[in-house]
Amino acid sequence: MKITRITQQVKRADRYSVFVEGKYSFSLSESALLQSKLASGQELTKEQVAEYKQLSADDKIYNQALRYAAMRTRSKWEMEQYLKRKNAAPRLVENILNKLSNIGLLSDEAFARAWIANRRLLKPTSLRRLKQELRAKRVPDEIIEEALKEDETDELDTLRGLVERKRKQAKYQDNLKLMQYLARQGYNYDDIKSVLSEL
């Protein structure tokens, strides 16, 4: 079976279509094509064509994972779940997780630091809530503790700011409702009482 043509795709300029015996057979990304060293006129066995079709499917999933990682920092667990939703084989999942980790696009440490920084910036929250959120993303406890050590935010200052904002809303003029809300946000009772008595 002869490769009769290799052409760049119109809609996806980073992918190339490979034609075998005049018919479209599979596509590869530019990097996968270079690694495969395929060329027009090259002879392939049926088994080799089947292998390249599998490589094509794996390559598409890898490129989707690259785009998913580029959108925002991900935890390893998030990426693993994404790949499982794409029906990637366990071997491919492990391979992609290793590749992304090796090129610095996948790191639970970087994810935990970014998560804490974003939450502090966009919606200040308690340490307890941050821990819960990171655990929900399956970040190991030792990484969470390390990332929180680097966070210099004062928990009481965060709580004061939150109380001041919430007090402007009519429903939180009632101290009991405000305390219940703050407890749901993960603040401890003593800190809540202390800040409310200050303010």
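You'll find the structure just up there.
These remarks concern the structure in this document.

## Brief notes about the pairing of strand β2 (residues 15–20)
Counting buried residues along β2, six of its six residues qualify, which places the element largely inside the surrounding structure. What you see with β2 is no split at all: Arg15, Ser17 and Phe19 on one side and Tyr16, Val18 and Val20 on the other are buried throughout. The sheet contact formed by strand β1 (residues 3–8) and β2 spans five bridges and is antiparallel. Its bridge partner being in β2, Gln8 is matched across the sheet by Tyr16. Counting the residues between successive antiparallel strands, the hairpin from β1 to β2 contains six residues. Examined bridge by bridge, β2 and strand β3 (residues 23–29) share six bridges and lie antiparallel to one another. By the bridge assignment for β3, Val18 is matched with Phe26.

## Concerning the pattern of salt bridges
According to the stated counting rule, one finds 13 salt bridges in the structure shown. Note that Arg91 is salt-bridged to Asp58, the shortest N-O span being 3.5 Å. A residue pair is termed long-range when its members are at least 10 positions apart, and Arg91 in helix α4 (residues 90–102) and Asp58 in helix α2 (residues 46–71) qualify at 33 residues. When its relative accessible area of 52% is taken as the criterion, Arg91 is described as exposed. Linking Asp157 and Arg160 is a salt bridge whose minimum nitrogen-to-oxygen distance equals 2.7 Å. Remark: Arg160 and Asp157 occur in helix α8 (residues 155–167); sequence separation between them is three residues, near one turn of the helix.

## Notes on the sheet that holds β2
Strands in a sheet are paired, the pairing made by backbone hydrogen bonds, and the direction either parallel or antiparallel. Spatially, three strands are ordered β1-β2-β3 in an open sheet, and the strand pairing comes out antiparallel. Looking at which strands have only one partner, the edges of the open sheet turn out to be β1 and β3. Direction aside, neighbouring strands of the sheet carry axes that sit 25° apart on average. Relative to β3, α2 is tilted by about 45°, and along the sheet it contacts β2 and β3.

## Focus: the nonpolar core
By size, the foremost hydrophobic cluster in this structure holds 15 residues, and its most contacted members are Met79, Leu83, Ile96 and Leu100. Of all the secondary-structure elements, those providing two or more residues to this core are α2, α3 (76–85) and α4. Among residues more than four places away in sequence, those in contact with Ile96 are Ile61, Tyr62, Ala65 and Leu83.

## Describing the environment of Ser107
Structurally, Ser107 is set in the loop between α4 and α5 (108–122). Along the sequence, Ser107 and Leu97 sit 10 residues apart, while their C-alpha atoms lie 9.7 Å from each other. Within the local environment of Ser107, its side chain forms a polar contact with the side chain of Glu109, the two groups lying 3.2 Å apart. Looking at Ser107, its side chain comes within polar contact range of the main-chain nitrogen of Ala110, at 3.1 Å.

## Let's talk about the packing of aromatic side chains
Taken as a whole and judged by the stated rule, the model has five aromatic pairs. Ring geometry for Phe19 versus Tyr24: centroids 6.0 Å apart, planes at 80°, classification edge-to-face. Judged by relative accessible area, Phe19 falls into the buried class, the value being 14%. Among the residues examined, Tyr24 registers a relative accessible area of 44% and is labelled partly exposed. Here Phe111 and Trp115 contribute two aromatic rings whose centre-to-centre distance is 5.6 Å and whose plane-to-plane angle is 40°, an arrangement assigned as tilted. Of this pair, Phe111 and Trp115 are both found in helix α5, four residues apart, which corresponds to roughly one turn of the helix. The same class applies to Phe111 as to Trp115, namely buried. The ring centre of Tyr68 lies 3.6 Å from the NZ or CZ of Arg74, which sits over that ring.

The rules behind each value
- Residues numbered from 1 in each chain as written.
- Predicted model: local features only at pLDDT ≥ 70, side-chain atom pairs only at ≥ 80, totals over all residues.
- Heavy atoms only, no water.
- Buried < 20%, exposed > 50% of the residue type's maximum accessible area, 1.4 Å probe, protein only.
- Helix = DSSP H or I, 4+ residues; strand = E, 2+ residues; numbered from the N terminus.
- Pairing = 2+ DSSP bridges.
- Salt bridge = Lys/Arg side-chain N within 4 Å of Asp/Glu carboxyl O.
- Axes fitted to C-alpha atoms, helices over the stretch in contact; angles between N-to-C directions.
- Contact = heavy atoms within 4.5 Å.
- Core = buried A, V, L, I, M, F, W, Y, C linked by side-chain atoms within 4.5 Å.
- Polar contact = N/O pair within 3.5 Å; in protein donor to acceptor, adjacent residues only side chain to side chain.
- Phe/Tyr/Trp six-rings, centres within 6.5 Å; stacked < 30°, edge-to-face > 60°.
- Lys NZ or Arg CZ within 6 Å of the ring centre and 35° of its normal.

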